[in-house]
Amino acid sequence: MAGCGSWIIFLTVCAASLFGANAEIKLTIPVGRLFTYELLRETFQNDFEPLSKLYAGRLYDDPMIFKCNMQNFPDLPEWLRFTQRHPFDNGFLYGTPMSPGKSIIEIYAINKRNYDTARHILVIKVTPEKMLPYQAEFFIKLREIEKVLPSPVQDEIKQDLQKLWNTEALEIVNITNALDRGGRVPLPIAGHFEGVYVKVGSEKYFSDCLQRVLTPDHQKQCTAGAKVKGPGGCNFCRIPSNCITWCKTELFDLTKLEPEPPAPTMGSGILESGGDFNPPESPPSRDYFPDYIVTVIVPLIIAIILSLLLAYIMFGKREGVETRNARTNQIQLYHHHTIHGNTDELRSMAGNRGVPPPLSTFPMFNSRTGESASPLQSDSIPLIMAQHDPYSDTLPRK
Ligand SMILES: *[C@@H]1O[C@H](CO)[C@@H](O)[C@H](O)[C@H]1NC(C)=O
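Residues numbered from 1 in each chain as written. Predicted model: local features only at pLDDT ≥ 70, side-chain atom pairs only at ≥ 80, totals over all residues. Heavy atoms only, no water.

**A short note on the site of the ligand**
So, step 1. Near the ligand you find Arg81, Thr96, Met98, Asn174, Thr176, Arg181 and Lys199, and these make up its full shell.
So, step 2. In this structure, an oxygen atom belonging to the ligand sits 2.4 Å away from a side-chain N or O atom of Asn174.
So, step 3. The side chain of Thr176 places a nitrogen or oxygen atom 3.4 Å from an oxygen atom of the ligand.
So, step 4. Taken together, the residues of the shell around the ligand sort by class into 1 nonpolar, 3 polar and 3 charged. (Near = heavy atom within 4 Å. Polar contact = N/O pair within 3.5 Å; in protein donor to acceptor, adjacent residues only side chain to side chain. Nonpolar A, V, L, I, M, F, W, Y, C, P; charged D, E, K, R; others polar.)

The following block contains the structure:
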């Protein structure tokens with residue numbers, strides 16, 4: 001029997017994976033009610049795993065991210081939102097459709113471990129439904145959108161509000177992240193949450209508890225900034241994180257809404273006969289001459305003036321350069337002349353000296369010993385000896 005059971009599972013998985021590429025999930029939902037669809041990671045995990053591993057009972061828990069869009073469009077329909085806090089969390093599609101119709105949503109799951117992708121198709125058919133005439137919006141401060149969207153939590157919140165409204169006939173109309181309504185990102189500290197708005201609707205008129213929100217007393221307290229606890233006997237939250245912020249409670253009576261202005265009456269689409277078409281008068285002709293002056297003539301004049309100025313500078317300066325060059329030549333000639341004279345003068349002065357020249361000016365003079373070798377001997381002494389090497393004396397001489 002056990003074998004039979006596993007065969008059935010195997011076949012189902014087989015069928016699922018065979019038709020996985022075309023897996024379509026069809027949903028029908030009414031207008032004006034909250035729609036929530038949880039993208040379960042387990043479902044997509046089955047698409048990623050090879051059958052053999054799954055059959056062997058091996059389980060993975062891969063991080064995943066989702067990309068959702070309307071088929072053939074880059075984004076989701078206007079009424080539908082997607083949220084996923086972390087790749088290890090499930091994702092949610094949620095929103096409230098306001099008009100009937102059909103949307104085809106493509107969901108791509110990307111496995112962040114091996115970068116496999118899987119595609120699912122969601123066909124959402126929205127059917128017409130009467131709007132709930134009495135609606136109220138509550139702010140829940142200690143909640144985050146992902147924590148409120150799972151249906152058990154939605155039910156908890158609904159039960160509290162049913163007591164507050166004193167009716168069972170209550171529907172959730174909308175759930176919104178407070179960040180989408182101008183809320184602030186909370187500090188990353190325990191006990192700070194983004195907050196969510198929950199809108200519910202009913203056929204039944206508001207209860208006494210709710211009507212007290214409209215009293216001037218309550219409004220005065222709220223504008224004074226007091227921490228309003230809510231009217232006595234009206235606090236029904238069993239779980240503290242589901243408690244509403246009374247001062248942000250708003251009631252909407254849709255029956256009292258002003259009737260919408262009548263839609264424009266549509267004509268037959270054919271122009272009535274009679275009368276010729278009278279084209280609208282053409283605007284008065286414009287004089288473009290001032291524009292022409294400003295945009296063409298003035299810049300042209302400025303350009304001419306500038307080029308004349310440039311020409312003057314170029315030719316004027318060139319003359320100046322030439323005269324200066326001539327002057328430099330004269331100075332150089334004078335210099336040349338004086339250098340000649342000075343050299344002659346020095347030569348004649350040197351000729352008059354009677355003193356013998358210093359020894360060091362003679363060739364082969366040894367500065368250490370003071371002896372001077374005769375030019376004849378110089379062949380036998382290595383020339384390098386007298387120069388730098390201090391040990392040269394120890395070297396054997398020939
Ligand atoms: C639901 O809330 C969103 C965000 O505030 C808003 O854009 C949308 O119109 C609301 N839908 C309904 C039906 O109230």
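Moving on from the coordinates now.
**As for the sheet that holds strand β4 (residues 80–83)**
So, step 1. Taken together, the 3 strands give an open sheet; going across it, the order is β2-β5-β4, and neighbouring strands pair in antiparallel fashion. The strands lining the two open edges of the sheet, one partner per strand, are β2 (35–39) and β4. If you compare each strand with its neighbour and ignore which way they point, the axes differ by 15 degrees on average.
So, step 2. Direction of pairing for β4 relative to strand β5 (residues 91–95): antiparallel, over a ladder of 4 bridges. (Pairing = 2+ DSSP bridges. Helix = DSSP H or I, 4+ residues; strand = E, 2+ residues; numbered from the N terminus. Axes fitted to C-alpha atoms, helices over the stretch in contact; angles between N-to-C directions.)

**Points about the state of the cysteines**
So, step 1. Under the criterion given, the structure shown has 3 disulfides.
So, step 2. Here Cys222 engages in a disulfide with Cys247; their sulfurs sit 1.9 Å apart. Judged by the sign of its S-S torsion, about -90 degrees, the bond between Cys222 and Cys247 is left-handed. A residue pair is termed long-range when its members are at least 10 positions apart, and Cys222 in helix α7 (residues 216–223) and Cys247 in the loop between α7 and β11 (250–253) qualify at 25 residues.
So, step 3. Note on Cys247: relative accessible area 34%, which makes it partly exposed.
So, step 4. Here Cys237 connects covalently by a disulfide to Cys243, the sulfurs 1.8 Å from one another. Disulfide Cys237 to Cys243: torsion about the S-S bond roughly 75 degrees, handedness right-handed. (Disulfide = S-S within 2.5 Å. Buried < 20%, exposed > 50% of the residue type's maximum accessible area, 1.4 Å probe, protein only.)

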